[in-house]
Amino acid sequence: MKRSEPVIHMQSVTKKYYVGEPNELQILFDIGLDICEGEFVSIVGASGSGKSTLMNIIGLLDRPTEGEYLLNGTTTRVMDDKALSRIRNKEIGFVFQNFNLIPKISALKNVEMPMMYAGVSQKKRTQRAMELIELVGMGDRYTHDPARLSGGQKQRVAIARAMANDPSIILADEPTGALDTKTGRMVMDLFHELHDKQGKTIVLITHSPELAAETERMLTISDGRIIADSAKGGAL
Amino acid sequence: MNFVESIKMAFTSLTINKMRSFLTMLGIIIGISAVITITTIGNSISSTLQNTFSEIGSVKLSIYPDVHRDYSGEWHDLPSNLELTLSQVQELINLHPDELTYSCSDVYGRVETANVNGDPIQASMYGVSDDFMDSIKKQLTTGRVITKKDLANAKNTCLVSDYFCEQYFGTTENVIGKTIKFNTLKGLNKGCNISLTIVGIFELTELDKNDLSINKVHNDQEKMQVVTYIFFPYNTMLKEEGLTPEETKLPQAEIGWTAKCDKETAKGYINDYFEKIYKGEEQWYMSIYDEEEIVGRINTVLNVITIAISVIAAISLIVGGVGVMNIMLVSILERTREIGVRKALGALNGDIRSQFVIEAIIICLTGGTIGVILGIVNGVLISKVASYLLNTLASEFAEYITLTVQPSVPAILISLGFSMLTGLIFGYYPAKRAGNMDPIDALRYE
Ligand SMILES: Nc1ncnc2c1ncn2[C@@H]1O[C@H](COP(=O)(O)OP(=O)(O)OP(=O)(O)O)[C@@H](O)[C@H]1O
Ligand SMILES: [Mg+2]
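Residues numbered from 1 in each chain as written. Chains lettered and ligands numbered in written order. Predicted model: local features only at pLDDT ≥ 70, side-chain atom pairs only at ≥ 80, totals over all residues. Heavy atoms only, no water.

**Student:** Explanation requested: the overall build of chain A in the structure shown.
**Tutor:** Looking only at helices and strands, chain A has seven helices and 11 strands in total. For chain A, whose C-alpha radius of gyration is 18 Å, the value lies close to the compact-globule estimate of 18 Å for 236 residues. Counting only C-alpha atoms and orienting by the principal axes, one finds that chain A spans roughly 50 × 40 × 40 Å. When the 236 residues of chain A are sorted by exposure, 53% land in the buried category. Contacts in chain A between residues far apart in sequence, at least 24 positions, make up 68% of those at least 6 positions apart. Of the roughly 10400 Å² of accessible surface on chain A, 51% is carried by carbon and sulfur atoms. (Helix = DSSP H or I, 4+ residues; strand = E, 2+ residues; numbered from the N terminus. Rg over C-alpha atoms; globule rule 2.2 N^0.38 Å. Buried < 20%, exposed > 50% of the residue type's maximum accessible area, 1.4 Å probe, protein only. Contact = heavy atoms within 4.5 Å. Areas by Shrake-Rupley, 256 points an atom, 1.4 Å probe, with all protein chains shown as cover.)

Laid out in structure tokens, this is it:
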């Protein structure tokens, strides 16, 4: 696969809480990271090491305290909330450990939601949402609301939702964490499919060494630092 | 974001916790329903009065001698030289012939005549002025009305009903110009004869017939008979009664005005004329009774009540609004994660804000709509009770008063508008808070 400019480029990124206060807390230290288009990257590390914090910065849900983060070659430092929302909407698809489907509305409506915020017409978004729901194998359940879906089914709907605006990056924070091995396997297969067939850049946080071993590249985080990167020959 | 989607979402969240939504709306429901109830009643009273007056006839000024309210001297009866007479009224009208009008009608008596078969036919005879038909809003089917000329010359002309023609001639064809001799049964000149020539025919409606029918035993057969009206010139009546206008005392007179004049000017003319006559009199004066003033006074009272209720409604809207604000804050807290997810999916602050503002407006508007419906139902029920009471307790007036139930459309629109405004005002702060939430904090919220 051709590797071009990195879609994600981080340089000296830190994240601190309670900045300037006596209880100042630094979570991420001097993160330098490049992820290229079409890569399937897994992030592993102990609980509380800062994986989700890093992922949220990548996903523009959170801002780094210091350092530079370029997404598709453009700096994100100067972007306002509106611009960040637009990029999240168009360029990034999120898959969460706890699914985070909107309650009381159907699976179909959930999948439509990113398209609704993108201003896609009702007809087009229903059509696309149906296609995606078929793709994740939920065609027979699209009218169900989240309360009437199993964990695995919810996660498949969530993946369909992440794909709605055809983003280039999929960010998945422990997507199999709440699922048993078998359903976790199905979800993982879906990610492989999106990566292999659609060339999506995927960043996946997992606690499972087996799942991490399936990916092209594995990053290990410990106490807020990247301590190993398989692309650079293991431990740094 | 999508407006329709927001509205659907608002209704969804309304139905999720129905009891809570209802309690939230209660303040608004009570406030709005109170206003709509009172305005429905008020509007119904106004339009009932209006309809009643327009049914009785056009608006006129009634004049009659009355005692000054603040008179504290020795009481004496109205001196006979101050009594209202026909000649005074006629003189007043003649001073302003194009501006003032005087229409009068007075019972002459019950008369009887017989048709060719000898069947007796009874009728009530009234002396009337030339504009009488206008004032009772009746039109002739054939012929002409009684004219000023008939009046001035005390002509023996008359207007009869189509029903009378059927009784007397068996037809309404070719009866204009026919002269009929009537025999007075009741009234001043009992036992007199009067011959009148028919100049016009008016129609007797079924309602009139019902009102006028009496039971009559004739040839041992009980028969329903309708005693119809016959109208003839007022001055002819005076002539028959042997009276002059100076001798004709009137308990009161109804003075009207033409398009060339208005009510206030007419009042001025009346006052000017009678001030001269009543000069030096301290107890009595010529009082002018204005029907419209009464309607106006009732309307003023209703308006005051409406304003008072509106103030109460405004207070309950504010209380209701605070309730809505409280519930919105709770709901936003409950849905923090959802807000975080929506933001992660690309919702702008404005999208979230408008979603919750719309939700608050929908809550208030739903409450307002329920309030309006309840208010109309209340108003209609109360009006129904009023009409029942009117018919049982004051049945003699019932035929004059047509109860009209009419909710006030402006009040409804204003109420709904204010409900929406309440939602907007009290929903804005919570919605803004939701919109400004940090996506990551919202997502991590437990
Ligand atoms: N808003 C916050 N304020 C203060 N500290 C925070 C905040 N958010 C996260 N942290 C801290 O940052 C650290 C890293 O959290 P993070 O969620 O990134 O861990 P993680 O590696 O994803 O762990 P896990 O595998 O359990 O999900 C934790 O110690 C956490 O307490
Ligand atoms: Mg985590």
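**Student:** What should I look at first to understand the site of ligand 1 in this one?
**Tutor:** For ligand 1, the set of nearby residues contains 15 residues, the closest of which are Ser47(A), Gly48(A), Lys51(A), Ser52(A) and Thr53(A). The site occupied by ligand 1 is bordered by residues of chains A and B. In this structure, an oxygen atom belonging to ligand 1 sits 2.9 Å away from a side-chain N or O atom of His207(A). Here ligand 1, which alone exposes 640 Å², has 70% of that area covered by the protein. Counting residues per element, the shell around ligand 1 draws most heavily on helix H1 (residues 51–58) of chain A, at three residues. Residue classes in the shell around ligand 1 are distributed as five nonpolar, seven polar and three charged. (Near = heavy atom within 4 Å. Polar contact = N/O pair within 3.5 Å; in protein donor to acceptor, adjacent residues only side chain to side chain. Nonpolar A, V, L, I, M, F, W, Y, C, P; charged D, E, K, R; others polar.)

**Student:** Help me understand unusual backbone geometry, please; the structure alone is not making it clear to me.
**Tutor:** Excluding glycine, most residues fall at negative phi; most peptide bonds, likewise, are trans. Within the chain, Asn100(A) stands out as a residue other than glycine whose phi angle is a positive 55 degrees. By the element assignment, Asn100(A) lies in the loop between strand S6 (92–95) and helix H3 (107–118). At Ala154(B), a position not held by glycine, the phi torsion is positive, near 50 degrees. Considering the arrangement of structural elements, one finds Ala154(B) in the loop between helix H5 (148–152) and strand S6 (157–161).

**Student:** Got a minute to help me understand the confidence of the model for chain B in this structure?
**Tutor:** Low pLDDT marks stretches whose predicted atomic positions should not be read closely. For chain B, per-residue confidence averages 85 on the pLDDT scale, and residues scoring 70 or more make up 92% of the total. Model confidence for the complex: the whole-complex pTM is 0.72, and ipTM, which rates the interface, is 0.95. (pLDDT = per-residue confidence, 0-100.)

**Student:** What is the right way to look at helix H9 (residues 263–277) of chain B in this model?
**Tutor:** Helical periodicity: at 3.6 residues per turn, an α-helix aligns residues three or four positions apart in one direction. Residue and element names in this part refer to chain B. With 15 residues, H9 should reach 21 Å at 1.5 Å per residue; the first-to-last C-alpha distance of 22 Å fits that figure. All of the buried residues along H9 are Lys263, Ala266, Lys267, Tyr269, Ile270, Tyr273 and Phe274. Down the axis of H9, the sector holding all buried residues measures 160 degrees, keeping them to one side. Projecting away from the buried face of H9 at angles above 90 degrees are the exposed residues Glu264, Glu275 and Lys276. Buried residues belonging to H9 abut strand S1 (61–67), helix H3 (86–95), strand S2 (100–102), strand S12 (253–257), strand S13 (284–290) and helix H10 (291–334). (Expected span 1.5 Å × (residues − 1). Arc of directions from axis to C-beta.)

**Student:** I would appreciate a short explanation of a nonpolar patch on the surface in the present structure.
**Tutor:** Together, Met19(B), Phe22(B), Leu23(B), Leu26(B) and Ile30(B) line one region of the surface with nonpolar side chains, adding up to about 470 Å² of accessible area. Considering the arrangement of structural elements, one finds Leu26(B) in helix H2 (residues 18–56). (Patch = residues over 30% accessible without salt bridge, like charges linked within 9 Å, V, L, I, M, F, W, Y side chains within 5 Å. Salt bridge = Lys/Arg side-chain N within 4 Å of Asp/Glu carboxyl O.)

**Student:** Is there a simple way to explain the packing of helix H1 (residues 3–16) of chain B against helix H12 (residues 349–393) of chain B in this structure?
**Tutor:** Helices that pack against each other are described as a pair by the angle of their axes relative to one another and the distance between those axes. Residues and elements named next belong to chain B. Two elements in contact, H1 and H12, have axes separated by 9 Å at closest approach and are oriented at 60 degrees. Relative to H12, the element H1 is oriented oblique. When the axes of H1 and H12 are compared, the crossing they make is right-handed. For the pair formed by H1 and H12, the contact residues are Phe3, Ser6, Ile7, Met9, Ala10, Phe11, Ser13 and Leu14 on the first element and Gln355, Ile358, Glu359, Ile362, Ile363 and Thr366 on the second. Each residue belonging to the contact of H1 with H12 can be placed in one class, and the counts come to nine nonpolar, four polar and one charged. (Axes fitted to C-alpha atoms, helices over the stretch in contact; angles between N-to-C directions. Parallel < 35°, antiparallel > 145°, perpendicular 65-115°, else oblique. Left-handed = near helix turned anticlockwise from the far one by under 90°.)

**Student:** What exactly am I supposed to notice about the nonpolar core here?
**Tutor:** In a soluble, globular protein the nonpolar side chains are often hidden away together inside. Core analysis: the largest hydrophobic core is formed by 70 residues, its most contacted members being Ile8(A) and Met10(A). For this core, the element with the most residues is H12(B), which contributes 10 residues. Excluding anything up to four places from it in sequence, Ile8(A) contacts Leu33(A), Asp34(A), Ile35(A), Ile58(A), Tyr69(A), Leu70(A), Leu71(A), Ile169(A) and Val203(A). Membership of the second largest hydrophobic core comes to 48 residues, among which are Val67(B), Tyr168(B), Ile198(B) and Trp284(B). (Core = buried A, V, L, I, M, F, W, Y, C linked by side-chain atoms within 4.5 Å.)

**Student:** Would you mind going over the sheet that holds S12(B) with me for this structure?
**Tutor:** The strands making up a sheet associate through backbone hydrogen bonding, with each pair oriented either parallel or antiparallel. Residue and element names in this part refer to chain B. The strand order across the open sheet built from four strands is S2-S12-S1-S13, with neighbouring strands paired in antiparallel fashion. Across the chains shown, the open sheet's two edge strands, defined by having one partner strand only, are S2 and S13. Within this sheet the neighbouring strands show an average axis-to-axis angle of 35 degrees, counted without direction. Together, S2 and S12 form the strand contacts of H3, whose direction differs from that of S2 by roughly 150 degrees. (Pairing = 2+ DSSP bridges.)

**Student:** Would you mind showing me how to read the pattern of salt bridges here?
**Tutor:** Any two side chains of opposite charge can pair, so long as their charged atoms come close to each other. The full count for this structure, using the stated rule, is 25 salt bridges over all chains. Residue Lys109(A) pairs with Glu5(B) through a salt bridge whose shortest N-O separation is 3.5 Å. With Lys109(A) in helix H3 and Glu5(B) in helix H1, this pair bridges two chains. A relative accessible area of 21% means that Lys109(A) is categorised as partly exposed. When salt bridges with common partners are traced through the structure, they connect Lys109(A), Glu112(A), Arg125(A) and Glu5(B) into a single cluster.

**Student:** Would you explain the pairing of strand S1 (residues 6–17) of chain A in this entry?
**Tutor:** Two faces make up the sheet, and in a regular strand the side chains alternate between them. Residues and elements named next belong to chain A. Looking at chain direction, S1 and strand S2 (residues 25–36) are connected through eight bridges and run antiparallel. Considered in S2, the bridge of His9 is made with Asp34. As paired strands, S1 and strand S4 (residues 66–71) are joined by five bridges and run antiparallel to one another. By the bridge assignment, Ile8 is partnered in S4 with Leu71.

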